[in-house]
Number of protein chains: 2
Amino acid sequence: MVEETDVYKLLHQRLVAGGFVADLKLQPEQLRKDYNCSASTIREALFRLSTVGVVTFKEQRGFRVPQVSRVVQHELTHMRILLECEGACLSIRLGGVAWEARLSAAHHKLSHIEMRARSKAELEPLFDLWSTAEQEFHETLIDACGSLTLKRTHSIIYQQFRQQLINADSDTIYVPENILQHQGILEAALDRDEDLLRRLIHDHLSRNLAQPLPEKKSW
Amino acid sequence: MVEETDVYKLLHQRLVAGGFVADLKLQPEQLRKDYNCSASTIREALFRLSTVGVVTFKEQRGFRVPQVSRVVQHELTHMRILLECEGACLSIRLGGVAWEARLSAAHHKLSHIEMRARSKAELEPLFDLWSTAEQEFHETLIDACGSLTLKRTHSIIYQQFRQQLINADSDTIYVPENILQHQGILEAALDRDEDLLRRLIHDHLSRNLAQPLPEKKSW
DNA sequence: ACGGCCTTTAATTTCGAAAATTTTTATTTA
DNA sequence: TAAATAAAAATTTTCGAAATTAAAGGCCGT
């Protein structure tokens, strides 16, 4: 039995931090050596991790790290846009000053880090800090939406999204434009401008789309 | 080992059919007797079921059937509206005549059943048939959205939604208005009228909302 | 009578191994 | 030389039990 932090948490951290190559087979018999426990314990942890989609499971084929896929990246981005637009607009309607305060605080923390990183290389030593602050900002953005189900779904999508970017070693994971984009999102939220907020969330994430989302047509 | 159909499938069917009381503790040691296998096998199956949210898991507290909750019902309904509106509109844009044909076929099957059931009592002998056809109709509605991630997320939400209604023994699970509502949805889809389609999907599901969804305000 | 603490019982987690299934490798045949 | 088949090796699934943790019940004190 691993002490201090359990196997589930350790595997989770490693999976979202890119500690396994994309599409790698995750074999309990191998992993048990890394974590000093039994293969059954690893198997259970992997099942739990599949609940949030950071590993995939197929009967009689076992567990795998999800493949890096531009299609999947596009779909996860689309889902983030959908869920964050909805959650952010509902937060505007329901959140009040307390929510605005929390969002401002989250943004303050994030921008503080982003001002110290003008490039991906400069970000490297701050990556974990930035990563946490970025997630916190987006989670706070939808925090007052009034729906745990929406927040839970968003959290699952966000983890998979992040894992895809990290495993792809993508250039889009961090760009210097982030700082202005996050600022714009904050301002639109505080101005309670839902249309602008939707557009800015979309624009912030659109670099992760393989192609533009299909638009409404006149038939 | 249970023959023919495995433990996972049997438990899944029972869970979405209301075969367990809401909020019931699901104890492997008890269930293994029903399914003639070991508690470990049950435990694994329950982990897999928690992936789609038809059981809940808490460390050191085990597995439970989700509680019946109007709040959760409301949130799942909200998610269905969000995902089905998005998926249906994308299907209009991407699906073409093949999709329209599949949707018409799915509707034909559903309406055939719904014409034979003017009340919940009349539906009783046809419930499984209707249930399958209803799910197929809604899944086909979003089938051409171009996103497996959206469809997978919808499927998870739909199963939880269905489980909530059944476990609540809700009066909203089937209403005679369904037939006209499904008809309207089909027609709006075939007319490629996205605004109307969104409204009709919302109206079709709104009886499962605890209160109206918050609307956009002028500030 | 109620609350707190301790003990016992029940439940969950982890384990290592057996059984079942899949994958890989080697051999034989056309 | 390639394909098919069989055997061996590897992997996954299932199992029953031990270890760990939580819950319940009983007893004592205020």
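Refer to the structure presented above.
Residues numbered from 1 in each chain as written. Chains lettered and ligands numbered in written order. Predicted model: local features only at pLDDT ≥ 70, side-chain atom pairs only at ≥ 80, totals over all residues. Heavy atoms only, no water.

(A) Region of interest: the protein's contact with DNA strand D. Taken together, 17 residues lie near DNA strand D, and R43 and Q60 of chain A together with S38, S40 and T41 of chain B sit nearest. Expressed as a percentage, the sugar and phosphate content of the atoms of DNA strand D within 4 Å of the protein is 77%. Interatomic distance of 2.3 Å between a side-chain N/O atom of R43 of chain A and a phosphate oxygen of DNA strand D. With respect to DNA strand D, the side chain of S40 of chain B contributes an N or O atom lying 2.6 Å from a base oxygen. When residues in the surface near DNA strand D are grouped by element, the largest group, 3 residues, is from helix α3 (residues 39–51) of chain B. Taken together, the residues of the surface near DNA strand D sort by class into 4 nonpolar, 7 polar and 6 charged. (Near = heavy atom within 4 Å. Polar contact = N/O pair within 3.5 Å; in protein donor to acceptor, adjacent residues only side chain to side chain. Helix = DSSP H or I, 4+ residues; strand = E, 2+ residues; numbered from the N terminus. Nonpolar A, V, L, I, M, F, W, Y, C, P; charged D, E, K, R; others polar.)

(B) Up close: the relation of the copies chain A and chain B. The operation relating chain A to chain B is a screw motion whose rotation component is 180 degrees, with 0.0 Å of axial translation and a residual RMSD of 0.0 Å. In symmetry terms, the pair is related by a two-fold rotation axis. Relative to the rotation axis, the closest C-alpha in chain A is found at T51 of chain A, a distance of 2.1 Å. By residue overlap, the copies meet face to face through one surface: 100% of the interface positions of chain A are interface positions in chain B. (Least-squares fit on C-alpha atoms with pLDDT ≥ 70 in both. Contact = heavy atoms within 4.5 Å.)

(C) Representation of the interface of chain A and chain B within the structure. Facing the 35 residues of chain A at the interface are 35 residues of chain B. Both faces considered, chain A and chain B share a buried interface measuring about 3300 Å² in area, 58% of it formed by carbon and sulfur atoms. Where R48 of chain B meets E59 of chain A, a salt bridge forms, and the shortest distance between an N and an O atom there is 3.0 Å. Applying the counting criterion to the chain A and chain B interface returns 16 residue pairs in polar contact (both at pLDDT 80 or more). Elements with a minimum of two residues in the side of chain A that touches chain B: α3 (39–51), α4 (70–94), α8 (148–168) and α10 (194–205) of chain A. For the side of chain A that touches chain B, the leading source of residues is α4 of chain A, giving 11 residues. Partitioned by chemical class, the residues of the side of chain A that touches chain B number 14 nonpolar, 7 polar and 14 charged. (Buried area = accessible area lost by both parts, 1.4 Å probe. Salt bridge = Lys/Arg side-chain N within 4 Å of Asp/Glu carboxyl O.)

(D) Examining the side chain of H154 of chain B more closely. All names here are of chain B. Secondary-structure assignment places H154 in helix α8 (residues 148–168). What makes H154 buried here is its relative accessible area of 1%. Ignoring sequence-local partners within four residues, the contact set of H154 consists of R80, L83, E84, H138, E139 and I142. (Buried < 20%, exposed > 50% of the residue type's maximum accessible area, 1.4 Å probe, protein only.)

(E) Spatial organisation of the protein's contact with DNA strand C. Neighbouring DNA strand C are 17 residues, the closest being S40 and T41 of chain A together with K25, R43 and Q60 of chain B. Across the atoms of DNA strand C situated within 4 Å of the protein, the share located in sugar and phosphate is 79%. R61 of chain A places a side-chain nitrogen or oxygen 3.0 Å from a phosphate oxygen of DNA strand C. Within the side chain of K25 of chain B, an N or O atom sits 2.7 Å from a phosphate oxygen of DNA strand C. Secondary-structure elements contributing two or more residues to the surface near DNA strand C are α3 of chain A together with β2 (56–58) of chain B. Among the elements that line the surface near DNA strand C, the one with the most residues is α3 of chain A, at 3 residues. Counted by class, the surface near DNA strand C contains 3 nonpolar, 7 polar and 7 charged residues.

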